[in-house]
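Spelled out from the first residue to the last, the chains are:
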Amino acid sequence: GQQLNQSPQSMFIQEGEDVSMNCTSSSIFNTWLWYKQDPGEGPVLLIALYKAGELTSNGRLTAQFGITRKDSFLNISASIPSDVGIYFCAGRPLLIYGGSQGNLIFGKGTKLSVKP
Amino acid sequence: GAVVSQHPSRVICKSGTSVKIECRSLDFQATTMFWYRQFPKKSLMLMATSNEGSKATYEQGVEKDKFLINHASLTLSTLTVTSAHPEDSSFYICSAPPLGWGGGGTDTQYFGPGTRLTVL
């Protein structure tokens, strides 16, 4: 089946630092979504991308839909303590091989923690 | 924005009982809703797609008789875990794309806050 590789798996941040994470796939995606999940909560949509090359910002967050349509990155600038949580990328493949039509495929998440 | 609610947020039940979880889209209609399961520190696993007015579509390996799905209206889908066992304990999350999903700018899903099921 299709998979998304999300990296890094985890990272520690110091307040004020910029953070970067990315997702890659082996096949073409026509939608990339970035979510944040806090403990015990459902994922919250941060940014949605629909076109190759698209660069979209949401406050201190910036995400891009890769030109090849096989990757996306999320940047967080000037991180603050409330940025900690788990960030998931998700994508909808251009071609669906089995399963439910249009189902999202999720990365395994990037856990953001505060440096001790 | 698009708001999805789930009820209950947390449930503890005895082994062998059935538990119903509701997923509601509060400010939009959804002909399709998705049910996910998430284990601790893991990603979301799609269980099934709930379709208003027709049968749900289950992912491979998910028992349809175990996880009953009903999409009664354009704003409500329910997941019933039948004869629950401790291994069914998990975090269940629903999501819904607004009507018109399937292409263009509405190709997104909004998630509910999740339901923590604990089976004793």
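All values reported here derive from a predicted model rather than from experimental measurement.

Cut-offs applied
- Residues numbered from 1 in each chain as written.
- Chains lettered and ligands numbered in written order.
- Predicted model: local features only at pLDDT ≥ 70, side-chain atom pairs only at ≥ 80, totals over all residues.
- Heavy atoms only, no water.
- Helix = DSSP H or I, 4+ residues; strand = E, 2+ residues; numbered from the N terminus.
- Buried < 20%, exposed > 50% of the residue type's maximum accessible area, 1.4 Å probe, protein only.
- Contact = heavy atoms within 4.5 Å.
- Areas by Shrake-Rupley, 256 points an atom, 1.4 Å probe, with all protein chains shown as cover.
- Rg over C-alpha atoms; globule rule 2.2 N^0.38 Å.
- Core = buried A, V, L, I, M, F, W, Y, C linked by side-chain atoms within 4.5 Å.
- Disulfide = S-S within 2.5 Å.

Asks: Looking at this model, I keep getting lost on the overall build of chain B. Mind explaining?
Replies: Check the secondary structure of chain B and you find zero helices and 11 strands. When its helices and strands are written in sequence order, chain B yields β-β-β-β-β-β-β-β-β-β-β. With the C-alpha coordinates aligned to their principal axes, the bounding extent of chain B is approximately 45 × 25 × 25 Å. Counting over 120 residues, chain B shows a buried share of 50%. Looking at chain B alone, contacts between residues at least 24 apart form 56% of all its contacts between residues at least 6 apart. Summed over its atoms, the accessible surface of chain B is roughly 5,700 Å², and 53% of this surface lies on carbon and sulfur atoms.

Asks: Please clarify how the overall build of chain A should be interpreted in this entry.
Replies: Helix and strand counts for chain A come out as zero helices and 11 strands. Its helices and strands in sequence order give chain A the pattern β-β-β-β-β-β-β-β-β-β-β, from N to C terminus. A compact globule built from 116 residues would reach a C-alpha radius of gyration of about 13 Å, and chain A, at 14 Å, matches this within 12%. Along the three orthogonal principal directions, the C-alpha set of chain A runs to about 45 × 30 × 20 Å. Counting across all 116 residues of chain A, residues that qualify as buried make up 45%.

Asks: Where do I start with the nonpolar core in this structure?
Replies: For soluble globular proteins, nonpolar side chains are generally found buried alongside one another. With 25 residues, the main nonpolar core has Trp35, Tyr58, Phe67, Ile69, Leu79, Tyr92 and Leu117 of chain B as its most contacted residues. Where this core is concerned, the elements lending two or more residues are strand 2 (10-13), strand 3 (19-25), strand 4 (32-38), strand 5 (44-51), strand 7 (67-73), strand 8 (76-81), strand 9 (90-96) and strand 11 (115-119) of chain B. When sequence neighbours within four positions are dropped, the list of residues in contact with Leu117 of chain B reads Val11, Cys13, Val19, Val81, Asp88, Ser89, Ser90 and Tyr92 of chain B. Ranked by size, the runner-up nonpolar core spans 21 residues in total, among them Leu4, Leu49, Ile76 and Leu112 of chain A.

Asks: Can you help me understand the state of the cysteines in this one?
Replies: Here is the idea: a disulfide is a covalent bond, and it sits between the sulfur atoms of two cysteines. All names here are of chain B. On inspection of all chains with the given rule, the structure shows two disulfides over all chains. Through a disulfide, Cys23 is tied to Cys94; the S-S separation comes to 2.0 Å. The disulfide joining Cys23 to Cys94 has a torsion of about 80 degrees about its S-S bond and is therefore right-handed. Highlighted residues: Cys23 in strand 3 and Cys94 in strand 9, separated in sequence by 71 residues. By relative accessible area, Cys23 is classed as buried at 0%. A residue is classified by how much of its surface remains accessible, and Cys94, at 0% relative accessible area, is buried. Of the cysteine sulfurs around Cys13, a residue in no disulfide, the closest is that of Cys94, at 18 Å. Judged by its relative accessible area of 10%, Cys13 is buried.

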